[in-house]
Amino acid sequence: MFRIGLGHDTHRLGPGTGLVIGGITIPHDRAAIGHSDADVLLHAITDALLGAAALGDIGEMFPDTDPANRGRDSADMLRRALERVSAAGWRIVNLDCVISAQRPRILSHRPAIRRRIAEILGVGEDAVWLKAKTGEGVGPVGEELAVAAECVVLVERRA
Ligand code: MG
């Protein structure tokens, strides 16, 4: 038995240096703003996983009203979501993601991001794919006001 999940996230860009995307820090002259470390890609993956198993969402699991979640490592949130999904009897088949950022160009970081995500999730790198898009210079992404990410994940019932 298989199920799919979909996740989406957006974070505003603001003053700061370094963007955390997919569990790695990419040098940049702006930073993503958020309650946690604002890792837009790991948040989308977390929601996709929870959605596949119908087990809630990231906002429910890690409310931004809880001081414990301030500055939280998104890899830790993803691991906890995975534990919940695994405990319900599901294992990851693969995931496919899109990251949208006008700058910096993400593609050269793809190998490192895939490696990191595979490591966090305990899957092979070939189970993780990532596409990078710009905003074509228009809209919040194109005007460098925000970065966004989507993820679909397939899970299967463990034998
Ligand atoms: Mg988020």
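Our subject is the structure that appears above.
Reference entry: report on the structure contained in this document. Computed from a prediction, not measured in an experiment: that's the story for all the values here.

## Some details on the pattern of salt bridges
Then, number 1: All chains considered together, the criterion is met by 7 salt bridges.
Then, number 2: Residue R72 pairs with D76 through a salt bridge whose shortest N-O separation is 3.0 Å.
Then, number 3: R80 is the salt-bridge partner of D76, the closest N and O atoms lying 3.3 Å from each other. Placement of the pair is D76 and R80 together in helix α3 (residues 74–87), with a separation of 4 residues, close to one helical turn.
Then, number 4: Owing to a relative accessible area of 40%, R80 belongs among the partly exposed residues under this scheme.
Then, number 5: Salt bridges sharing common partners tie together D29, R103 and E144.

## Side note on the sheet that holds strand β4 (residues 31–32)
Then, number 1: One open sheet holds the 5 strands; their spatial order is β4-β1-β7-β5-β6, and the pairing between them is mixed. If you trace the sheet from one side to the other, it starts and ends with β4 and β6 (128–133), each paired once.
Then, number 2: As paired elements, strand β5 (residues 90–100) and strand β7 (residues 146–157) share 10 bridges and run antiparallel to each other. The residue bridging R91 from the neighbouring strand is E156, located in β7.
Then, number 3: Contacts between helix α1 (residues 40–52) and the sheet are confined to β1 (2–14), β5, β6 and β7, with β1 contributing the most and set at about 155° to the helix.
Then, number 4: Here helix α4 (residues 110–121) sits on the sheet and contacts β5 and β6; the angle it forms with β6, its principal contact strand, is near 140°.

Scoring rules and cut-offs
- Residues numbered from 1 in each chain as written.
- Predicted model: local features only at pLDDT ≥ 70, side-chain atom pairs only at ≥ 80, totals over all residues.
- Heavy atoms only, no water.
- Salt bridge = Lys/Arg side-chain N within 4 Å of Asp/Glu carboxyl O.
- Helix = DSSP H or I, 4+ residues; strand = E, 2+ residues; numbered from the N terminus.
- Buried < 20%, exposed > 50% of the residue type's maximum accessible area, 1.4 Å probe, protein only.
- Pairing = 2+ DSSP bridges.
- Contact = heavy atoms within 4.5 Å.
- Axes fitted to C-alpha atoms, helices over the stretch in contact; angles between N-to-C directions.

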